[in-house]
Every structure is written in structure tokens, then in C-alpha cells.
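Residue-level listing of the chains:
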Amino acid sequence: MRLTMPHNNDDIFSLRNLAINRDQARADLKRDTAETRERLKPANLVSEAKSKATQRMRDAGTSAVNGIRANPGLSATVAATATLIAMRKPIARLIANRKTSEPDQIEE
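Rules and cut-offs
- Residues numbered from 1 in each chain as written.
- Predicted model: local features only at pLDDT ≥ 70, side-chain atom pairs only at ≥ 80, totals over all residues.
- Heavy atoms only, no water.
- Helix = DSSP H or I, 4+ residues; strand = E, 2+ residues; numbered from the N terminus.
- Buried < 20%, exposed > 50% of the residue type's maximum accessible area, 1.4 Å probe, protein only.
- Areas by Shrake-Rupley, 256 points an atom, 1.4 Å probe, with all protein chains shown as cover.
- Salt bridge = Lys/Arg side-chain N within 4 Å of Asp/Glu carboxyl O.
- pLDDT = per-residue confidence, 0-100.
- Patch = residues over 30% accessible without salt bridge, like charges linked within 9 Å, V, L, I, M, F, W, Y side chains within 5 Å.

Looking only at helices and strands, the protein features 4 helices and 0 strands. Listing each helix as α and each strand as β along the protein from the N terminus yields α-α-α-α. Burial status across the protein gives 0% buried among its 108 residues. With an accessible surface of roughly 10,500 Å², the protein has 59% of that area assigned to carbon and sulfur atoms.

Any two side chains of opposite charge can pair if their charged atoms end up close together. Evaluated as defined, the whole model comprises 8 salt bridges. Among the ionic pairs, R22 bridges to D23, the shortest N-O distance being 3.2 Å. In this structure, the salt-bridge partner of D32 is R31, at a minimum N-O distance of 3.3 Å. Classification of D32 by relative accessible area gives partly exposed; the value is 35%. Overall, R31 belongs to the partly exposed group, its relative accessible area being 43%. One continuous salt-bridge network, built from bridges that share partners, spans D28, R31, D32 and E35.

So, about the confidence of the model for the protein. Across the protein, the average pLDDT comes to 87, with 84% of residues at 70 or higher. Taking the mean pLDDT of every element in the protein, the minimum, 88, falls on helix α4 (residues 88-96) and the maximum, 94, on helix α2 (residues 42-70).

A cluster of nonpolar side chains, L84, M87, I91 and I95, forms an exposed patch at the surface whose accessible area comes to about 400 Å². As for its position among the elements, M87 is in the loop between α3 (72-86) and α4.

Here it is in C-alpha cells:
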């Protein structure tokens, strides 16, 4: 198979543009591959995960604070209920360990 040289300038410019585009695509691919390799290093993946987790925690905190500000009564009720649930065992122990020698004061 014999290749023939183009005879008009349009064909020459078209081939030249194809070669330039091919070289640019090759350079872009090399750059993207190097960036991907760098990003996929374990230390960089850990750092990125920490950063995303930190941002999600900030967002959740901001959302919680905004919810509390919007509904202070409901928030107080939920907090009181959670406190009672958390303290149920110590309160039960306190009641069970009361000395029988200390009867309740009854008004007569």
C-alpha cells in the first residue's frame, strides 16, 4: 500500500490539525494518569476521607444547632427524656439502696 501526499493545502492543514489534536490528547492522558496515580496513593485517600468526614460532621452539627434553635421546646423535651433514660439505672440503684432506717417523712 502506497501513501500519497495530499495535493492541496486543505488536506495538509487537516492532517496537521489531526496530528496536533492527537498529541494534545496524548499529553492530556499522561497528565490525567499522573494525577490519578497521585490521588489514589493510600495516604492521599485517607486524607481525603478525613476531610470529607470532617465536613459532614460540621454540616450535621450546623443542622442540629439550626433544628434546636427552630424548636427549643421540643429540643428541651427530647434532652430531658434522653437524660432520664441515661440515668435510669443510677436512679434505680439510689432508690433500692435507701436505708430502711430513714422512713419517708409523712405529714400528719
